[in-house]
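Structural features, examined
Each chain is listed here by its residues.
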Amino acid sequence: MFQTNVGGSLGIHRFIVFYLLYFVQGIPYGLQTRYLPILFRVNGMDLAQVGLFKLLMMPWLFKPLWALLVDNYFTRKFWLNASLLTLCILCVLSSFVPPTFVFQLSILMFLFNVITSIQDIALDSVVIESLTPSLLSQGNIAQVVGYKSGGVFSGGVFSLLSDIVSWGSIFLTLSAIYILGFLISLLFLKEESGVEHETSHISSTRIDSHTNEQEPSTISRGDDINSPQEISQSNCYILSLFETEGTIWMVIFALFYKVGEMGATNMFPMFMLDNGISPHMTGFWVGFSGQIFSVLGSILGGLMDSSHLFYNLKIHIILRGFLVFIIFLGILLWDLFGHLAYACSVVALQGVFLTGGAVTTITYTLAMGLSQKTSRRCRASHYTIITTSDVLGRLMFAPVTGGATEIFGYPAAFALFTLSSIVIVFHLLFSPKIIKDN
């Protein structure tokens, strides 16, 4: 694994490696959230079905279970490399399945999410272990910007090129990118120290950074039954994830902080398509331009003064709520003002992507800082629980927003998105001191 520089700089080589690996990880997200929904809507799928398609991301909810595997079996690099090779194989298989075969495509996308969620844990663990607290903001720039750049590539560029590039060519290109990611991980990420491999079992000695006590563990592949003592230790390990001050508050925040933003950015493209805006132009504003602004927002969030992160979080959440309200007004006045309402709504949408990107980076920086306050053995699982809450919030409301919009219409749905964007501000008022001082 990379060693942390003493001088307080992330280092251009580490930054590039982290950026490229997160770029690869972000590809399935852009494909599922930006490119495929537009494709499905153009082909007549109703809003409720488009929303239900987001349920294919449910494997991300099981990240705490995957994290236990990553923490206790093999090395993080093993899981990272294995996931990249598996995703390459899935891309080759997807190239033979046309987009009209929704059932078969759904199975492949489900598998994409299973493997990518494991990849996410392994890569996050590498970042957390190799960065000091002063470098977390820089590391999160590589993380969030790289991830969103992958989303721009798969969600935006593919939307723009969909008329001239075949479906099969898109997935063969992605398979080549995953091979490149595998080579980057293989050549530039070193094996973790302190982990030895055996043919029949894996033994490791973990050192708790807080107690400096060694915790030996031997995991035999042939052992099917755990002793009562082992079960008790496992339960204590899981429960200890919530003992760190601020964890429960952060989990609740991660569950709801993106609800209004995701509702607006997911449903406004559908509104544009239903009101005569071409798929090509819709894909440009949402999948390309919007994601560029999201990346810029992520960079902005990573460059903010680390001593005022919580204050900057509040400012950007308030501004984001105001911009969602502007989109809501644009929808209400669409028939009255036509092009002016369209222009104002699109500009506000770019602002939502910009502020949303900053909010995400700041939130994940705070989450990583909180996870570093737990024991070394628990860090991957602790951070995973917080990020899983983020995914759960999106999955809980994606099908609901699609169905509600189909039944009650766009104005009522965007009134709900605006309200959700404002309500989360009140949660910030009850933040614990450890979050404010993180």
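Our subject is the structure listed above.
Description of the structure in this document. (Residues numbered from 1 in each chain as written. Predicted model: local features only at pLDDT ≥ 70, side-chain atom pairs only at ≥ 80, totals over all residues. Heavy atoms only, no water.)

**Looking at helix 9 (residues 247-256)**
Taking burial as the measure, the ten residues of helix 9 include seven buried ones, the bulk of the element. When we look at burial in helix 9, the residues that qualify are Thr247, Trp249, Met250, Val251, Phe253, Ala254 and Leu255. The inward-facing, buried residues of helix 9 contact helix 10 (259-274), helix 12 (309-332), helix 14 (339-371), helix 15 (379-408), helix 16 (410-428) and helix 17 (433-436). (Buried < 20%, exposed > 50% of the residue type's maximum accessible area, 1.4 Å probe, protein only. Helix = DSSP H or I, 4+ residues; strand = E, 2+ residues; numbered from the N terminus. Contact = heavy atoms within 4.5 Å.)

**Comments concerning the packing of aromatic side chains**
In this description, an aromatic ring pair is defined by two values, namely the gap between the centres and the angle between the planes. Scanning the model with the defined rule gives 26 aromatic pairs in all. With a centroid separation of 5.9 Å and an interplanar angle of 25 degrees, the aromatic rings of phenylalanine 284 and phenylalanine 288 are classed as stacked. Here phenylalanine 288 and phenylalanine 284 lie together in helix 11 (residues 279-303), a separation of four residues that amounts to about one turn. Taking the relative accessible area as the measure of exposure, phenylalanine 288 reaches 27% and is therefore partly exposed. In this structure an aromatic cluster arises from ring pairing among Tyr19, Phe23, Tyr35, Phe153, Phe158, Trp167 and Phe171. (Phe/Tyr/Trp six-rings, centres within 6.5 Å; stacked < 30°, edge-to-face > 60°.)

**Considerations on the nonpolar core**
Among the nonpolar cores identified, the biggest contains 105 residues, and Met109, Phe171, Tyr178, Phe253, Phe268, Leu313 and Phe414 are the most heavily contacted of them. For this core, the element with the highest residue contribution is helix 14, accounting for 14 residues. The contact partners of phenylalanine 171, leaving out residues within four places of it in the chain, are Leu31, Cys91, Ser94, Ser95, Met109 and Phe112. With seven residues, the next largest nonpolar core counts Tyr29, Trp60, Tyr147 and Val391 among its residues. (Core = buried A, V, L, I, M, F, W, Y, C linked by side-chain atoms within 4.5 Å.)

**Regarding the environment of phenylalanine 96**
Summarising the element assignment, phenylalanine 96 is placed in the loop between helix 4 (76-94) and helix 5 (102-130). According to the relative accessible area criterion, phenylalanine 96 is exposed, its value standing at 66%.

**Let's talk about the pattern of salt bridges**
Applying the stated criterion across every chain, the model contains six salt bridges. Aspartate 120 is the partner of lysine 63 in a salt bridge, and the nearest nitrogen-oxygen pair spans 2.4 Å. Of the two residues, lysine 63 is situated in helix 3 (residues 63-72) and aspartate 120 in helix 5; the sequence distance between them amounts to 57 residues. Look at lysine 63 and you get buried, because its relative accessible area is 1%. A relative accessible area of 7% means that aspartate 120 is categorised as buried. Linked by salt bridges that have partners in common, Lys258, Glu261 and Arg320 make up one network. (Salt bridge = Lys/Arg side-chain N within 4 Å of Asp/Glu carboxyl O.)

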